[in-house]
Every structure is written in C-alpha cells, then in structure tokens.
Amino acid sequence: MRMHTACHLLSVICPFPITGASVNEADSRVDFDLPDANVTKEEVTIRLMELVNGDHPVFTRWISEEELESNPGLVKSKNVRPPRGAGRIRLVCIGEEAVVDSQPCGGTHVASTAEVGEIHIGKIEKKGRENRRFRIRFGSLPAS
Ligand SMILES: [Zn+2]
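Overview of the structure. Since this is a predicted model, take the numbers as computed values, not measurements.

About the cut-offs
The residue count restarts for each chain, going from 1 along the sequence in the order it is written. For a predicted model such as this one, the threshold for reporting local features is a pLDDT of at least 70, and the threshold for listing and counting side-chain atom pairs is 80 or more; totals across whole chains, interfaces and linings nevertheless cover every residue. Water and hydrogen atoms were dropped before computing side-chain values, which therefore reflect all heavy atoms in the structure. Any two strands are treated as partners once DSSP identifies two or more bridges connecting them. Comment: elements are numbered from the N terminus, with helices defined as DSSP H or I runs of at least four residues and strands as E runs of at least two. The rule for donors is simple: N, O or S, within 2.8 Å of the metal, or within 3.2 Å if the metal is Na, K or Ca. Water isn't counted, so a site may look like it is missing partners. Between 85 and 135 degrees for all angles marks four donors as tetrahedral; over 155 degrees for opposite donors together with 65 to 115 for all other angles marks four donors as square planar and six as octahedral; every other arrangement is irregular. The convention used is that axes are lines fitted to C-alpha atoms, helices contributing only their stretch in contact, and that angles between N-to-C directions extend from 0 to 180 degrees.

Pairing of strand S6 (residues 119-126) with strand S7 (residues 131-138), which is carried by seven bridges, proceeds in the antiparallel orientation. Bridge pairing in S7 links Ile119 to Phe138. Remark: four residues form the turn of the hairpin made by S6 and S7, two consecutive strands paired antiparallel; Gly128 in that turn has positive phi of roughly 80 degrees.

Structure representation (structure tokens):
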C-alpha cells in the first residue's frame, strides 16, 4: 500500500505517460515515456518527500464513465485503460479537493501521504530511446 501510493506520487511529479509499472514490497519501478532525461534522482526524491511530508489525504470517489470521457487527462497510463462497462469508475484522489492528483485506480492505498514514510529514487535507468525507468525504494537517499 505504501509503495503503491508512492507510485501515484511519482506520477504527480513526472506527469508523463506511463508505459509500465511493477510494485513490490521493497522496490518498485515505473516506466515513463520520457525522451528527455534532465531529471535527477535527487530532485525527484526531494519532490516526492515534499508530497509525503505534506500529509495529504488519500481518498476514493466514484465517477461516471461520461465524466471520465470528458476528462481524458485523468488517465495517465498509456497502455492500461480503466475497465469500461460497469458504468462507474473508481478515482483515487490525493489532497484536499484532489488538488494533488486524481486518477482511476482499483488498488489499495494508505489514508494519507505521510503514511508512505521515507522513500527515495534509487535509480533512473534509460530503457530505449523514449523510456526512463524510475526505481522507488524505502528509506532515505544513500549519500553518494
Ligand atoms: Zn492506486
């Protein structure tokens, strides 16, 4: 839950199309369609921790498929579309009035970003010409 919520926070900081992700207990990766790599793990870690320390509420709300159609920007994943046909979609919101983020998600999350705790970007790897893989880890950024 902590790691999965951390992936939401990373997608706020890196507002690029997500091409893949995998969440594990100790280490998660998120792949972005991001040709320009002028982001550093130090910068991204600082911004992640700002969101964690901001103690923003994480909550869900349901919207209709029509509402989602009229807000296509809500969907960040390039390959995974939220399931259709149920008539409604579960939206995961972060921050009061969802000021930080809102996106369709069926996963489980912590109730507040503070519960994510200390995390850092372990690595930003180049995966092909247009892809960057970000690895999120628990704990503070090791001094290099
Ligand atoms: Zn989620």
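Once you've had a look at it, read on.
What follows deals with the coordination of the zinc ion. Four donors placed tetrahedrally around a metal ideally meet at 109.5 degrees, and six donors placed octahedrally ideally meet at 90 or 180 degrees. Around the zinc ion, the donor atoms from the protein are His4 (NE2), His8 (NE2), Cys105 (SG) and His109 (NE2), and they sit 1.9 to 2.2 Å away. Classification of the site at the zinc ion rests on its four donor atoms, whose angles at the metal span 98 to 123 degrees, yielding the label tetrahedral. Read N to C, the donor residues that coordinate the zinc ion are spaced as H-x3-H-x96-C-x3-H. In this pair, His8 is assigned in helix H1 (residues 2-13) and His109 in the loop between strand S5 (101-104) and S6, connecting sequence segments 101 residues apart.

With that out of the way, let us pick up the sheet that holds S5. The antiparallel open sheet is built from three strands, whose spatial order is S3-S4-S5. Each edge of the sheet is formed by a strand with only one pairing partner; in this case those strands are strand S3 (58-64) and S5. Each adjacent strand pair in this sheet contributes to an overall mean axis angle of 30 degrees, direction not counted. Two elements, strand S4 (residues 88-94) and S5, share four bridges in a ladder whose sense is antiparallel. Within the sheet, the bridge partner assigned to Leu91 lies in S5 and is Pro104.

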